[in-house]
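Notes for the structure review
As a plain string of letters, each chain reads:
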Amino acid sequence: MVTKYIFITGGVVSSLGKGITTSSLGALLRARGYRVTAVKIDPYINVDAGTMRPYEHGEVFVTNDGAETDLDIGTYERFLDIDLSRGNNVTTGQVYQTVIERERRGEYLSQTVQVIPHVTDEIKRRIRKAGEEAQAELVLVEVGGTVGDIESLPFLEAIRQMRFEEGRDNTLYLHVTLVPYLGTSEEFKTKPTQHSVAALRGYGIQPDALVVRSEKPLPEDGRAKIALFSNVEARDVFNAYNAGHVYEVPEMLEQQGIGRFTERRLGLEKVLPELHVWQDAVRTLRDPEGRVRIAVVGKYVAMPDAYLSLNEALVHAGIANDVAVDVEWVPAEELAEGDLAASDLSFLEAYDGILVPGGFGVRGIEGKVRAARLARERQLPFLGICLGMQVAVIEYARTVAGLEAANSTEFDPYTPHPVIDLMPEQLDVDGMGGTMRLGSWPMQIEPDTRLAALYEPGAAGVVHERHRHRYEVNPQYVESLRAAGLRISGVTPGMEGRGAGLVEAVELDDHPFFVAVQSHPEFTSRLMRPSPPFRGFIAASVRRAKERPAAREVAGDVATGEAS
Ligand code: GLN
C-alpha cells in the first residue's frame, strides 16, 4: 500500500485541541486496523521542547529514544497506542539546523539556499521519513500554530507541495477552527472560520474537511453556512463540541462520520472500527463505582498541562480501579512557608493519596520533603516520581537514617550528606539541550517487593521505563539507607564502568503503599495498559477511601480554602 498523508492545520485561535482532534482521528484509523503514525510540527526555533518552561508550554514529553518533545506526542502515543520517536516531532530549529549544516558542508553546490525549495524539501523529507520508519500506511501531520502565523508559512508551503507530489487520493487536508457562541445574541459565529479558511486558501490549500470546535453542539444551519463559505460539503463539517472528557472525542467524531469520510476521501476500504476500549473507558469515567482524592504536591500547579501525562496516568489507573480520580494540585512552596507551615500539614491526611511528581530546582523542595514525611509517618499512600523519589530519599535520610541536613547537591551543593548527587556522566556536560539521562532504560526489580507484585516482570525481573534526570541516589549512601530500613526495590542492571547499579526505585515495608521511582512511568501509561505504579497507588488510595469515609468532607474544606 502507498503511504497516505492527513494534514491537520488550525485556525482562529491557538489551544483549540488540534492535538486531540489529530489523536482522535488517529485512534479511529487504528481502530480500523491501519498502521498509523503521527508527526507534530512545531514552528518555533527551539530544536526541541526540552529547554522550554513547562509552566508556559506544558510538559516536556520523553520518547523511548530519549527525545524531549512537545506534549502532543504524548497524546498521540496514548490515543494511538503506539511508541513514537525523535523523528515524530519536527521543529523549525531542527529543519534549519540541518539545512545550515548541509550548506556549510557544501552540499548545495554553490546554489543560493532558500526557503523554497531547500527548507521545504527538508520539511517534506522529515515527514516522509517518519512515515517510512513507522512503516505507516497513514501519516497524520499536525501543523502547530495558527494559520496566518509567520513561523508556520514554510510548513504550509511544504504540505501544499505534497499534494502535488503524492497525489490527491493520497493526501487530505483537515482544518480545525473555532466557532464561538455569543451569549448576548445567542448565536454561533461562523465568520472567524470563514476568514481562516480564506487565509488557508491564500496559501494554496483548500481544506477537504473542517472540524469546528464549539462550546455546545453546532446546529445544522451553522454547518450549512460554514460549508457554503468554505467550499466544503456540509457533511464534511464535523463538530467537536466540549466533551466531559477527551476520551469521548473519538466516538463523538466517529458518530458524525469522520472515519467514513476519511475512507471515502483516501479510497480506503470501508471498515467497522473496534471502539470498545474507548466506550468502556467513557462509561467508567461517566459512572464510576467510587472516587478518590489525590493531592499532587508540585511546583507548576497553576498549569495542569505541565503534568499532562501524570494526570492521564492517574485517569488510566482510576479506570482500572473503577473510580474517578479527583486530582488537587497543592503548591509545594506553601507547605514549607507562609500560613500552612504553621499548621502540622494534617489537612493532607484528608486525601486518599499523596503524589510528588518530577521537577527541577530548589523551589518548593522543603514542602515536598514535608509531604513525603507526613505520608510515611501517617500511613498515607504515597507515590514519588523522579524528583519525588529523590525527595522521599532525602526525607528518609534526614528523619530515619540520622543523616542530618541530608540533601541533593542540586538544592544544596554544600550539604554534609549528599544523598542525591549528580550522576558521574553528568559532570562534564555543559550544553543544556538533550544532555540529561533520557529515554528508556532498564530497571531490575527486586523479588518480593511491592514493585515486583505490580510489574510482574517475569523471570529476568527487568522492565523498561523512560527517564529524564541528571541526579541519582548517591551510591555511597545506599548501604546506610538500606540499613535504616529503606527498601531498594529497583536498580539499573549492570551499568557499564560502574560498580553498583543506579537506584531506580525505593519502597517501605510497613506501610500501606509507599513507592517511589526514579523514572517517569506516566509517559508509558495507556488507557488499555495503565502504568503499574499508578495502578497500585490508586488501588491503595481506594482502600484508604473505603476505610475512612469521613475523608472526603474534610478534604472538601481544603478545596474551598477553609483549612489553614
Ligand atoms: N531534578 C532532578 C534531576 O535532575 C529530578 C528530575 C525530574 O524529576 N525529572 O535528577
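Let me sum up the structure you'll find in this document. Please read these numbers as outputs of a predicted model, since none were measured by experiment.

Below, the discussion takes up the layout of surface pockets. In this structure, the largest pocket occupies an estimated 1100 Å³ of space. Within the residue set of the lining of the largest pocket, elements represented by two or more residues are helix 1 (18-30), strand 2 (36-42), helix 2 (54-57), helix 3 (71-80) and helix 12 (308-320). With five residues, the single largest contributor to the lining of the largest pocket is helix 3. Within the lining of the largest pocket, the residues separate by chemical class into 14 nonpolar, 12 polar and 12 charged. Approximately 650 Å³ is the volume attributed to the second largest pocket. Taken together, 33 residues line the second largest pocket, and the ones lying closest to its centre are Pro54, Tyr300, Gly359, Phe360 and Arg468. For the lining of the second largest pocket, the per-class residue count stands at 17 nonpolar, nine polar and seven charged.

In terms of burial, strand 12 (residues 290-298) is largely enclosed, as seven of its nine residues are buried. The parallel pair strand 12 and strand 13 (residues 323-331) is bridged by helix 12, and the resulting crossover is right-handed. Pairing analysis gives three bridges linking strand 12 to strand 14 (residues 353-356), with the strands arranged parallel. The partner of Ile294 across the bridge, within strand 14, is Gly353.

In the neighbourhood of the ligand, the contacting residues comprise Gly358, Gly359, Phe360, Cys386, Leu387, Gln390, Glu410, Arg468, His469, Arg470, Tyr471 and His520. Between the ligand and the protein, one listed contact pairs an oxygen atom with a backbone N or O atom of Tyr471 at 2.8 Å. In the complex, the protein chains occlude 99% of the 300 Å² of accessible area that the ligand would expose alone. For the shell around the ligand, the elements supplying multiple residues, two or more each, are helix 16 (387-399) and strand 19 (462-469). Along the lines of polarity and charge, the residues of the shell around the ligand split into four nonpolar, five polar and three charged.

Cis geometry is adopted by the peptide bond preceding Pro117, which originates at Ile116 and carries an omega value of 10°. Considering the arrangement of structural elements, one finds Pro117 in helix 5 (residues 115-133). You will see that Val12, though not glycine, has its phi angle at about 80°, which is positive.

Quick look at the packing of helix 12 against helix 19 (residues 532-547) now. The interhelical angle for the contact between helix 12 and helix 19, taken along N-to-C directions, is 60°, at an axis separation of 8 Å. With respect to each other, helix 12 and helix 19 are oriented oblique. The handedness of the crossing between helix 12 and helix 19 comes out as right-handed. When helix 12 is examined against helix 19, the residues Leu310, Ala313, Leu314, Ala317, Gly318 and Ala320 are found in contact with a partner set consisting of Phe534, Arg535, Phe537 and Ile538. Its residues assigned to classes, the contact of helix 12 with helix 19 shows eight nonpolar, one polar and one charged.

Let us now look at the pattern of salt bridges. Overall, the coordinates contain 42 salt bridges when judged by the stated rule. Here Lys40 and Asp42 are joined by a salt bridge, their closest N and O atoms 3.0 Å apart. We note that Lys40, like Asp42, is buried. For Arg102, the salt bridge goes to Glu107, with nearest N and O atoms at 3.0 Å. Taking the relative accessible area as the measure of exposure, Arg102 reaches 27% and is therefore partly exposed.

Turning next to a nonpolar patch on the surface. Among the surface-exposed residues, Tyr96, Ile100, Val115 and Ile116 lie close enough to one another that they form a single nonpolar patch of about 340 Å² accessible area. Residue assignment for the nonpolar patch shows that the elements contributing at least two residues are helix 4 (92-104) and helix 5. Note that Val115 resides in helix 5. Using a relative accessible area of 37% as the deciding quantity, one classes Val115 as partly exposed.

Looking at the secondary structure, you find Ile445 in strand 18 (residues 437-445). For the pair Ile445 and Gly490, spaced 45 residues apart in the sequence, the C-alpha separation amounts to 4.4 Å. Those residues in contact with Ile445 that sit more than four places away from it in its chain are Leu451, Ala452, Tyr455, Pro457, Gly461, Val463, Ser489 and Gly490.

The rules behind each value
Residues numbered from 1 in each chain as written. Predicted model: local features only at pLDDT ≥ 70, side-chain atom pairs only at ≥ 80, totals over all residues. Heavy atoms only, no water. 1 Å grid on protein atoms, 1.4 Å probe; cavity = no way out; pocket = protein on both sides within 12 Å on 5 of 7 lines; lining within 4 Å. Points joined across faces, edges and corners; volume = space filled by probe spheres on them. Helix = DSSP H or I, 4+ residues; strand = E, 2+ residues; numbered from the N terminus. Nonpolar A, V, L, I, M, F, W, Y, C, P; charged D, E, K, R; others polar. Buried < 20%, exposed > 50% of the residue type's maximum accessible area, 1.4 Å probe, protein only. Right-handed = clockwise from strand over helix to strand, strands pointing away. Pairing = 2+ DSSP bridges. Near = heavy atom within 4 Å. Polar contact = N/O pair within 3.5 Å; in protein donor to acceptor, adjacent residues only side chain to side chain. Areas by Shrake-Rupley, 256 points an atom, 1.4 Å probe, with all protein chains shown as cover. Axes fitted to C-alpha atoms, helices over the stretch in contact; angles between N-to-C directions. Parallel < 35°, antiparallel > 145°, perpendicular 65-115°, else oblique. Left-handed = near helix turned anticlockwise from the far one by under 90°. Contact = heavy atoms within 4.5 Å. Salt bridge = Lys/Arg side-chain N within 4 Å of Asp/Glu carboxyl O. Patch = residues over 30% accessible without salt bridge, like charges linked within 9 Å, V, L, I, M, F, W, Y side chains within 5 Å.

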